[in-house]
Amino acid sequence: MDIEKVNSMDFGEFVDVFGSVTERCPLIAPAVRSQRPFSDLEDLEQHFFAFTDALPQSGQEGVLRCHPDLAGRELQRGELSAESQREQSAAGHTSLGAAERLWLAELNAQYRARSGFPFALAARLSDRAAVPRERARRLHCPPPQELNTALGEVKKIGRRRLADLLGSHATES
Ligand SMILES: NC(=O)N[C@H]1NC(=O)NC1=O
């Protein structure tokens, strides 16, 4: 998909296509569309990121709260978005044993109790072993630093989702 195509989309099409770039945050794609025209695909991506960057802390925490836990209840109940299901599956979360699931649920609960939002990590860039390791490490980071790290992960997730939609290659950061 090229930028002319993106710029020519009407509101409904744009929101349908790009509504999932940020997990379950329906406001972002409509807000980004109102910034048209985009000069290129990178410019489009930057508008998605700039929206979250410009939010007050409470809004940024809200964006994080829209994310389902990794290996959490939504996964068990089959309630993940298609994108999240694919990402969690790529990180091996759909084939965990009961003991590993309980352990991750405990780490999720500890993290959420400390930060007030779910642990966010770009699952497609991770694997089954790295997820609990990262979570245990980040549990001890100072809150402002952790908020930034978590938002960075939301960008990595969004960058890959956009690349999937646009048929382009995401960079590795
Ligand atoms: N909690 C969290 O990071 N969830 C997400 N990560 C990811 O790669 N997809 C998600 O839904």
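The structure presented is a predicted model; accordingly, all values stated were derived computationally and were not measured. (Residues numbered from 1 in each chain as written. Predicted model: local features only at pLDDT ≥ 70, side-chain atom pairs only at ≥ 80, totals over all residues. Heavy atoms only, no water.)

1. Focus on the UniProt feature "domain: Oxo-4-hydroxy-4-carboxy-5-ureidoimidazoline decarboxylase" (unreviewed entry) in the protein
What UniProt calls "domain: Oxo-4-hydroxy-4-carboxy-5-ureidoimidazoline decarboxylase" (unreviewed entry) maps, in this numbering, to residues 7–163. Annotation note: span residues 7–163, helix share 64%, strand share 0%, distance between end C-alpha atoms 17 Å. (UniProt positions renumbered as here; feature names shortened; annotations may be inferred. Helix = DSSP H or I, 4+ residues; strand = E, 2+ residues; numbered from the N terminus.)

2. Details of the side chain of threonine 22
In this fold, threonine 22 is placed in the loop between α2 (11–18) and α3 (28–33). Look past the residues within four positions of threonine 22 in its chain and what remains in contact with it is Ile28, Phe48, Val63, Val154 and Arg161. (Contact = heavy atoms within 4.5 Å.)

3. A few points about the environment of arginine 112
Structurally, arginine 112 can be placed in helix α8 (residues 98–115). Distance from arginine 112 to arginine 65, taken between C-alpha atoms, is 9.7 Å for residues 47 residues apart in sequence. In contact with arginine 112, other than residues within four places in its own chain, are Asp69, Phe117 and Pro118.

4. Some words on the confidence of the model for the protein
When pLDDT is averaged across the protein, the result is 93; 97% of the residues are at 70 or more. Taking the mean pLDDT of every element in the protein, the minimum, 86, falls on helix α9 (residues 130–138) and the maximum, 98, on α3. Overall fold confidence (pTM) sits at 0.93, and the ipTM for the predicted complex is 0.98. (pLDDT = per-residue confidence, 0-100.)

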